[in-house]
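# An overview of the molecular structure
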Amino acid sequence: MANIKSAKKRILVSQTRADRNKAVRSGVKTAIKKVFAAVEAGDKTAAQAELASATKVIEMAASKGVYHKNNASRKVSRISKAVNGMS
C-alpha cells in the first residue's frame, strides 16, 4: 500500500473508475446478448426494440470513455446488421 496521501487517493479513484467501467461493460454485453437472443428467436419487433435500447447503452458507454468511439460504432453496426438481416 502506498504511503503518500495522493498515491492512496489515486488507488481509490482508479478502483472506483475500474468498478464503474466494469459495470458499464457488463451492461453493454447484456444488451447485445438480448438483441441476439431476439434475433435467434425470430421476433423482429422485439429485436428492433432491443436494438434501440442496446444502441443507447453502447453510445452512452462511448460518451463516457468506457469504449472508443470506433469500437462502439462497430458494436452497433454488428447488431444492426443482425436485426436488419432478419427475414
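## Focus on the packing of aromatic side chains
How two aromatic rings sit relative to each other is given by the distance of their centres and the angle of their planes. Considering all chains together, one arrives at zero aromatic pairs under this definition. Against the face of Tyr67 rests Arg25, its NZ or CZ located 5.5 Å from the ring centre.

## Structural notes on helix 3 (residues 69-84)
For helix 3, built from 16 residues, the straight-helix expectation of 22 Å at 1.5 Å per residue is met to within 8% by its first-to-last C-alpha distance of 22 Å. Listed as buried for helix 3 are Ala72, Val76, Ile79, Ser80, Ala82 and Val83. Looking straight down helix 3, one finds that the buried residues subtend no more than 160° of arc, so they occupy a single side. Exposed residues pointing more than 90 degrees away from the buried face of helix 3 are listed as Arg78, Lys81 and Asn84. Residues of helix 3 that are buried sit in contact with helix 1 (5-41) and helix 2 (44-63).

Here is what the cut-offs are and how they apply
Residues numbered from 1 in each chain as written. Predicted model: local features only at pLDDT ≥ 70, side-chain atom pairs only at ≥ 80, totals over all residues. Heavy atoms only, no water. Phe/Tyr/Trp six-rings, centres within 6.5 Å; stacked < 30°, edge-to-face > 60°. Lys NZ or Arg CZ within 6 Å of the ring centre and 35° of its normal. Helix = DSSP H or I, 4+ residues; strand = E, 2+ residues; numbered from the N terminus. Expected span 1.5 Å × (residues − 1). Buried < 20%, exposed > 50% of the residue type's maximum accessible area, 1.4 Å probe, protein only. Arc of directions from axis to C-beta. Contact = heavy atoms within 4.5 Å.

Read these as layout, nothing more, since geometry by itself doesn't imply function.
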